[in-house]
Each structure stands twice: as C-alpha cells, then as structure tokens.
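The chain contents come next:
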Amino acid sequence: MASFTERMAFVLVMALCLSGALAVDRGNFKTCDQSAFCKRQRALKPGESPYRALLETMELTNTRLTLQLINDNNKVRLLLELYRLQGNITRVKINELKPLKPRFEVPDVLVREPPTEPLSLLSQDENGVVLSLGAESQRVIVSARPFRLDIMEGRDVLMSLNSRGLLAFEHLRMRKDTSQADSEAEKKEEVDPANPAEQTTKDEDDKDEDGMWEETFKSHTDGKPNGPSAISLDFSLPGVEHVYGIPEHAETLRLKTTDNGDPYRLYNLDVFQYELFNPMALYGAVPVMLAHNSQRTTGIFWLNAAETWVDISSNTAGKTVFGKMLDYVQGSSETPQTDVRWISESGIIDVFIMLGPTPKDVFSQYASLTGTQSFPPLSSLAYHQCRWNYNDQEDVKLVDAGFDEHDIPYDFIWLDIEHTDGKRYFTWDPHKFATPKEMLQGIMDKKRKMVAIVDPHIKVDSNYKIHNEIRSRGFYIKNKDGGDYEGWCWPGSAGYPDFTCADMRSWWASMFAYDQYGGSMENLYTWNDMNEPSVFNGPEVTMHKDAMHGAWEHRDVHNLYGFYVQMATAEGLIQRSGGVERPFVLTRAFFAGSQRYGAVWTGDNAAEWDHLKISIPMCLSLGLVGISFCGADVGGFFKSPSSELLVRWYQTGAYQPFFRAHAHLDTPRREPWLFGPENTALIREAVRQRYTLLPYWYLQFYQAHCTGQPVMRPLWVEYPQDPATFAIDDEFLIGTDLLVHPVTEEGARGVTAYLPGKNEVWFDVNTFQKHNGAQNLYIPVTMSSIPVFQRGGSIIPRKLRVRRSSTCMEHDPYTLFVALNPQRTAEGELYIDDGHTFNYEKKEFIHRKLFFANNILSSINLAPDAKFSTQSWIERVIILGASKPSKVTLQTADGQESQLEFEFDSSMSVLTLRKPGMNAGEDWKVMLQ
C-alpha cells in the first residue's frame, strides 16, 4: 500500500502533467555537470592521451586486426578490434582485455553480423602499421604512441580517431574500501602476469571522485555496484564544417558546436513541453552522425545504448562571414575541421565508420547495418485524427460523421489512454466503450481504421490479467534488491515489463491475438507511448539506473527500451493475422533500428509557431538516420492554436511523412470544421492534396524500404556539391522530385525558397509556372498557399478523385504529371500492390518506369517476374513545359494505335491529354507529333 506521502507526490506529478500552461522544468533533467561521468570525462584535457598501442601484440587475420592498447597511467590493457566491412564501412571495437565481468554489448539492433572483407598489411615499423581498406586507395594508419587511428584516401585524411587524445575507458574494478582481499583480487586482475613490471605506479583508481560509486540527483541516489564504467572517444573530421543527425533534439538540422554549453545528450526521456534550440535529451536516441562537405559524406554510428553525450567543436565556429572571406583573401591555409567526442556511461566502444562517399552511399551503408524503414500500409500514409481523448463511442461516431459532412477525408481515428478500463491496457472502459467491436465495425464499413494506445507501464492490480501473467512469469524488471520494480505512471503504481527479454516480447506479442485482446479487430492498430520508459516518480522522470534486466543494469540498456516495446508490438500485430498483414505501430521512444518497426512522432510539442518550424528539421534529422516515417502533432499538443497557425500546420503536415492531428486533454476541441467555413475549406484542401499524392508517397516508402534512402530529405542530399543547401532546414524534398517550402511565419505575405540545381527547372504545382534552379525565389503567399515545386525531368502519378479514405480510392484512375527539362529525359515510377499485406514479398506488385524522351511518353515494366493486376487506369496526362503537337497517338501493348484528344495552353506551355484510358499495369506509348 502506498504511503500518504507517495500518494500526494503522485497527485502533484499528475497535476503537473495535466497542466498545459507550464513549460519544461529544466531542473528535472541533468546537465553534463550534474552527470558524474560526463563531468569527469569532459574534464580530460586534449593532447594528454595515456594510451599507446602494443604493436608486438598485433594479430592480423584475413578479416580482423586485433591489437592491445595500454593505459600508461594505470597499466590496464584494452583490446582493439578493427574490421573492414562490406560496402565501405570500417568497424572499430575497444573493450577491456580482461574485464572483471562482461561489459554490455548491444544486441538485436544490427540486422545481422556484418559481413567482412579482407584486410591486408601494407607496412609496419616501430611507430605503427598501415592497412589497406581496398577500394580507392583507402587505408588505415594505426599510430602507436600515443595510440591514434587515421583513415586515409590517397593523401587525404577522411577521419581520425583519438587524434585529440580523448580516448577514455574506465575499467571495471572493486571498490577500494570493501576489504583487503578485494584489493588484492583487483591487483591480480590489473597486473598482466606476463609483464610483472607493469605495476600500477600512481594508480588513478585510488582517487575516488564524486559520483564514481554512487551519485545523487534531487532526491534520487544511484548506486553503482560496478563502479565507474564510462567510455569516450574523439573523432576529427578534416575539411568538414557541417554535421547532422544524433536525434532526437528540438534543434536546427545542422548541429551546433557545444564548446560554450552542454553536449548533445542521448538519453530517452519523457520531457514535458520541451524547449527548442537546446541539446537536452528528448524521447528517442539514434547515435548516428553524418558529416558532409562538397567533396564527401561520411557517417559515424556509435553503437551504445547507455546515456551518451556528444560534444562538437569546430575551428571555424564563431567566425563571421567577413572573417572567412578575410581568410580566403589572405590565403589562410587553415583547413576547416569539426571534432566530435562521444561519451557513454557504460558498455564498450563499438563504432561503425561509414565512408560514403555520397550521401546515398552512407544511407545504404547504415541500412546494411540496422535495416530499412518498414513498408507501411498505404492507409497509414493518409490522414490521422487523434485527441486525448475522444470521450466515448458516440463521440467517435460523431467525429467520424463530421468528416463526411464536411467532405474531408481521413483514414484513422485514434483513442488515447482514457478509452481503457482504469488505464489497464488491452481493455476498454466498460461504460464509455462498452461495445468496441460495434464501433470498429462501423468504422470498417466506411473503409476506415482505428489506433488505440497500449503503453508499457502495467497497473499493479491482482484483478488485472495482464499484470498477473507478467508477475507470475517473472517478466517484470527487477529493482536492485531483486523484487519487481514499481514506479508511478498513469494507472498509479505500475510495473514495467522487461522487453529486453525475448520470452517477454513473445508473450507480449501474443496478447494482440483477437482472442486475447478482447474487442479488437483487424482494423485496430497500436500506439506505444511513454516507453522511454516514463516513471513519474523516478529520477529524471524515468527508471532508476540500478534496476535490473536479468544480468544487466538499466543503465546499460536504457535507450533500447522503447525500441524493444515497438518491436514486440509490431510482431504482435503481424502474428494476429497469421503473418499476412503489415502492422502499423507508432512509438515515442526509439533507437537505431527502430525504423524496422513503424513510425515515430516528435512528442509533446506546443501550439506555437516555432514548434511548427522545428518540426521540419526534427523530421529531416530522423530521416538522415533511417527513420523516414516521422511527423509532428498537427496543431501542437499543448495549448490552443490560432486558426492561422492551425491552417499552416495542416498545410505543413500534409507534406510530412506521418500526418496526424493530436491535442491535449485540456485544450478546446479542434476538429477541422470548428474554425469557420473559410478555415475548414483551407484545411480540406491541404488534406485533399495529401490524398492526391498518395501514389507518390507510397512509391517513396517502397523505395525507402528497399534502399534505405530517406523519404523526406534535406536539399543537400540531392545537391551535395552546392554549399547553399547545407544549412537549409525550412524547406525539403520528398524523394527527388517534389520540393516543399511550407509557410511557417505568422502573418506571412511571402516566402523566399531556394530552388537548387544550376541546370534544373522547377514547376509550381499549382500555377505550372516554370522557374530556373540555383536561385532564391520570392513567392507571394495567401492563406491558401502551400509552395510546392515539381522538378523538371520528373513524372509524378497522382489520384485526383479524392474520396473519404484511401481504401475507397484503391481502383481509381491516375493522372500523370510530366515536368519537362530540355536537358534531360523525364522519368518517374509507378508502384502498385494491395496496399496492406506482405504479398509484395512474393512478387505480387506492379512496378513500372515512366519515360518521356524524344516526344514519346512510355511505360515499361520494371519487374517482369512480378504478378499483380489493377483496375486503375490512366485518365489524364498533364505535360508541363511542352510544345504544341499536331497530333497525339496512343500505342497499347497489343500494337493498337488511336488518336488522343488534347488541349494546349500556350501561355503556360501546358499540354493536357484527356482520357487515354490505358491500364496502369500495362505497357503503352504516347507519341507526340
């Protein structure tokens, strides 16, 4: 039974959580100075590395180099392993040579053990060794004293490790004050019997600093039975001024230097109404950074699931544009350089260096390690309507009817935590949602779906089946004393299932079966929230680090928890259909590899213009590290948007991968028709634009699933040699062919968009006006404006007959928008399958290439071994930048020819072919004469 004090604390926390007027309380979350290991590591001075490589210990096999490193201050040895991996990736692992106990190595994130390629020795002397990395004269230089590792290509240094001497590896040890016997045991561990002279001279371990064995933050004390175990390594990137990635932060796309403040923090936390433009940790963590200049793109993947801090410094930081120009005029020879330092609390150093050289190469390299974006059901790319909370079944019915009444399409309606029976997940409130199947059937009859929340905190209640099962099977995370760990969350006292345990995940997945999850049907999908994990009365609103997952402390696995929750849930949705249906699962917490299991969103944002703006770089950053299925709560979760902000947010969200409106319990209702007829019309048009483009969105996700390329991408990904694109994060590309510059300023009467590419032309998708690339274009805007441009040289299929849901549009015809560029062939693709099953893996799909060259538009089968048929046809072709033909002839696959009607707008050079009528899955040619 909880004490009165505990109950009052919970009431206070709940009150804070429910108050929409408060901003983040920074005091709830640590700074680097308050995180003992971060403070300790950051105090190390560059250029004083105690580590040297013992070259006599080197062993080189066909696929691996091993080498011992020694810390000359304490004589502790480390083992360095170096691998050359397929696809131009180098892997570096550093662990203790003889740890007191095993150190945690992250499982399940890599899709397989990465295949290796041969390493060969080029040269060796007393100062170091040189190894060949094969392609492009790439090699690795290992310097012995101090230890340093340089990756070269020709005469250029691509990346250096420990060039600043900040490698640190706190070895596991016994506490000095435990007993003399423990001390002797420790000595035996630290002294190499083959080298008795290597006695610790002035052992740094004798000096116990604050926070090494325990530390206190606010009222919480973190005991560290294994003592200090932090690791750190620095990377230098010559020639680089722009680095990106390491989400999740409410930050600009280009990462900032951290010399005068805290490092970026990667530690999954439930941050209430987060602030913008600071390096505080948020809900997810992907320890991947991309570095880019006009010659090359590289990546660093730091595979560690513990609390991690990332410092960034630059030798050009702080220089004004004038200062850089002065350097140029004066012939300054200083090469720009960015230095990055990773610091993690525990685990080992396991880093993958992705050597590009192009952005797309880095995406492929990372995808080869952690997998690609899961291929979502087509309907999940449409519009989602959510609120905390729709009150009851009647409320759901009225909202559903409201969309039809106002002719606004939607595919999913969502239920938050109030739909359950007292916050017991996998249940329904017996009064408000008494007949859930009846509700779900009513939605299904309209070809729509529902998402219900299932969170990973389980109400401690002996009358609750889920709790009883988890407890009886021993599946809860344990506290440091061996009992079930309990904390406070929405249900009150809650247990936290140990999702790091494969048996627990299998059991959890089985709970989504229709005979286990009462009231569920095939059109019910899942949302995992609060899975950082969120613990209202825990340190930093999360779990105590000394809680236990089997043999491992929570500190070792913290950033993996949400990853595993989504993994188990997605598997449950697949299993319930017998492996037939693709799942849809949204998660708030995530890690590297989470892209394999569904979608993420940017968490509890606010109805403020700056939050609308930041949604763009936040999703761009996620796309760069593999997570394409990203979106932000349209309208802002906290507070109430003005009608102008709401409209602009719909217009922005309609062009982001995950498109969902969501709002806090305490905010006024904001269904799209509640802001007057004019605003309803503007929102309707934005949502309809999303639906017309669903064929293009679906193609982009298919390609992301196959290749790992991001769906929503920064301009520099497609224009890597154009420095003007490197810091742009108020506009973006969808695939290669659509450029979007949303209006995100209050009262805006115009925006300035950068149209990239010296030889490109861009067509305004609304006016069909043509603009040349490599220019800043001022665009006057009204409230109806969504500045979107189609790249000349592209063909984009759309479905212009918008119905009440995407499923209702399945058999509807396509309109092809062909945008011409005189300097190149226009190309596009069309991908069609059933939209929801895994049958595409059995080659049940249509994938066609669309070409326009020499006045012939043709459709060619890209997958002749695939089998699928469609009822959809091509009902219109609109060619932008065209000349007027004298006649237009259609030739079908059987050789039949017919003349097509056309219209030509000479003022805009737009040619429209009406009702060509060919099946979308067949070969055909349209010839202009």
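See the structure shown above.
Computed from a predicted structure; not experimentally measured. (Residues numbered from 1 in each chain as written. Predicted model: local features only at pLDDT ≥ 70, side-chain atom pairs only at ≥ 80, totals over all residues. Heavy atoms only, no water.)

**Q** I'm lost on the environment of Glu117 in this one. Help?
**A** Its place among the elements puts Glu117 in the loop between β4 (89-96) and β5 (120-125). C-alpha of Glu117 to C-alpha of Arg64: the two residues are 53 residues apart in sequence and 9.0 Å apart in space. Beyond its immediate sequence surroundings of up to four residues, Glu117 is in contact with Asn62, Thr63, Arg84, Leu85, Gln86 and Gly87. (Helix = DSSP H or I, 4+ residues; strand = E, 2+ residues; numbered from the N terminus. Contact = heavy atoms within 4.5 Å.)

**Q** How should I be thinking about the sheet that holds strand β42 (residues 788-791) in this particular structure?
**A** Hydrogen bonds between backbone atoms are what pair the strands of a sheet, whose relative direction is either parallel or antiparallel. Read across the sheet, 6 strands follow the order β35-β36-β37-β42-β39-β40 without closing on themselves; strand pairing throughout is antiparallel. Looking at which strands have only one partner, the edges of the open sheet turn out to be β35 (712-713) and β40 (770-772). Sheet analysis places β35 next to strand β36 (residues 732-734), joined by 2 bridges and oriented antiparallel. Looking across to β36, one finds that Met712 is bridged to Ile734. (Pairing = 2+ DSSP bridges.)

**Q** I would appreciate a short explanation of the state of the cysteines in the present structure.
**A** Cysteine pairs can be covalently joined through their sulfur atoms, and such a bond is termed a disulfide. For the structure shown, the criterion picks out 2 disulfides. Bridging Cys619 to Cys630, the disulfide has an S-S length of 2.1 Å. Residues Cys619 and Cys630 are joined by a disulfide whose S-S torsion is about -70 degrees; by sign, that bridge is left-handed. You can see Cys619 sitting in helix α12 (residues 609-624) and its partner Cys630 sitting in strand β32 (residues 630-631), a full 11 residues away along the chain. Of the two residues, Cys619 and Cys630, neither departs from the other in class, the shared state being buried. Disulfide partners in the chain, listed by the sequence order of the bonded cysteines, are 1-2, 3-4. (Disulfide = S-S within 2.5 Å. Buried < 20%, exposed > 50% of the residue type's maximum accessible area, 1.4 Å probe, protein only.)

**Q** Any chance you could explain the packing of helix α13 (residues 643-653) against helix α14 (residues 677-692) here in plain terms?
**A** Any two packed helices are characterised by how steeply their axes cross, that is the angle between the axes, and by the distance between the axes. Two elements in contact, α13 and α14, have axes whose closest approach is 8 Å; the angle formed by their N-to-C orientations is 10 degrees. As judged from the angle between their axes, α13 and α14 are roughly parallel. Every residue of α14 that contacts α13 at Ser643, Leu646, Val647, Tyr650, Gln651 and Gly653 is listed here: Asn679, Leu682, Ile683, Ala686, Val687 and Arg690. Split by residue class, the contact of α13 with α14 holds 7 nonpolar, 4 polar and 1 charged. (Axes fitted to C-alpha atoms, helices over the stretch in contact; angles between N-to-C directions. Parallel < 35°, antiparallel > 145°, perpendicular 65-115°, else oblique. Nonpolar A, V, L, I, M, F, W, Y, C, P; charged D, E, K, R; others polar.)

**Q** What is the right way to look at the packing of α12 against α13 in this model?
**A** It is at 10 Å that the axes of α12 and α13 come closest, and there the two elements cross at 5 degrees. On the basis of their axis angle, the class for α12 and α13 is roughly parallel. Contact residues: Trp609, His611, Leu612 and Ile616 in α12; Glu644, Leu645, Arg648, Trp649 and Thr652 in α13. For the contact of α12 with α13, the class distribution of residues is 5 nonpolar, 2 polar and 2 charged.

**Q** How should helix α8 (residues 465-472) be read in this particular structure?
**A** Of all the residues in α8, the buried ones are Ile466, His467 and Ile470. In a view along the axis of α8, the buried residues occupy a sector of 95 degrees, so they form one face of it. Those residues of α8 that are buried are in contact with β24 (458-459) and α9 (502-510). Of the residues flanking the end of α8, it is Gly474, one or two places downstream, whose phi is positive at about 70 degrees. (Arc of directions from axis to C-beta.)

**Q** Even after reading the chapter, I still don't get the pattern of salt bridges, so can you show me in this structure?
**A** Pairs can form between side chains of opposite charge once their charged atoms are near each other. Overall, the coordinates contain 62 salt bridges when judged by the stated rule. The salt bridge involving Lys545 is made with Glu345; its shortest N-O contact spans 2.7 Å. Of this pair, Lys545 sits in the loop between β27 (524-528) and β28 (548-549) while Glu345 sits in the loop between β19 (337-344) and β20 (349-354), and the two are 200 residues apart along the sequence. The exposure class assigned to Lys545 is buried, which follows from its relative accessible area of 7%. With a shortest N-O distance of 3.2 Å, Asp484 and Arg471 are connected by a salt bridge. On the criterion of sequence distance, the pair formed by Asp484 in the loop between α8 and β25 (486-489) and Arg471 in helix α8 is long-range, its members being 13 residues apart. Exposure remark for Asp484: the relative accessible area of 22% places this residue in the partly exposed category. The partly exposed category is assigned to Arg471, whose relative accessible area is 38%. (Salt bridge = Lys/Arg side-chain N within 4 Å of Asp/Glu carboxyl O.)

**Q** Honestly, the packing of aromatic side chains in this entry has me stumped. Any pointers?
**A** Any aromatic ring pair is given by two values, namely how distant the centres are and how the planes are angled relative to each other. Counted according to the given criterion, the structure contains 50 aromatic pairs. Aromatic pair Phe499 and Tyr561: ring centres 5.6 Å apart, planes at 85 degrees, arrangement edge-to-face. Of this pair, Phe499 sits in the loop between β26 (492-495) and α9 while Tyr561 is found in helix α11 (residues 561-576), placing the two residues 62 residues apart along the sequence. Comparing Phe499 with Tyr561 shows no difference in burial state: the two are buried. Arranged with centres 3.9 Å apart and planes meeting at 15 degrees, the rings of Tyr702 and Tyr831 form a pair that is stacked. (Phe/Tyr/Trp six-rings, centres within 6.5 Å; stacked < 30°, edge-to-face > 60°.)

**Q** Please explain the pairing of strand β46 (residues 846-853) as it appears in this structure.
**A** Looking along a regular strand, one sees side chains alternate from face to face of the sheet. Counted residue by residue, β46 has 6 buried out of 8 residues, so it is predominantly covered. Where strand β45 (residues 826-832) and β46 come together, 7 bridges link them in antiparallel fashion. From the neighbouring strand, Tyr831 faces β46, where its bridge partner is His847. Sheet analysis places β46 next to strand β47 (residues 856-861), joined by 6 bridges and oriented antiparallel. Within β47, the residue paired with Ala853 across the bridge is Ile856. Two successive antiparallel strands, β46 and β47, enclose a turn made up of 2 residues, where Asn854 displays a positive phi of approximately 55 degrees.

**Q** Is there a simple way to think about the sheet that holds strand β22 (residues 412-415) in this case?
**A** With respect to topology, 9 strands assemble into an open sheet ordered β32-β31-β30-β27-β23-β22-β21-β34-β33, the strand pairing being parallel. The open sheet has two edge strands, β32 and β33 (633-634), and neither has a second partner. For strand β30 (residues 585-587) and strand β31 (residues 599-601), the ladder comprises 2 bridges, and the chain directions are parallel. Within β31, the position partnered with Thr587 by the bridge is Val600. Those strands touched by α11 are β27, β30 and β31, and its axis lies near 170 degrees from that of β27.

**Q** Explanation requested: the pairing of β26 in the structure shown.
**A** Looking at chain direction, β24 and β26 are connected through 2 bridges and run antiparallel. From the neighbouring strand, Lys459 faces β26, where its bridge partner is Ala494. In terms of strand pairing, β25 meets β26 through 4 bridges, oriented antiparallel. In the sheet register, Glu486 faces β26, and the bridge partner there is Gly495. The hairpin formed by β25 and β26 contains 2 residues between the paired strands.

Such coordinate-based values are descriptive only and should not be taken to indicate function.
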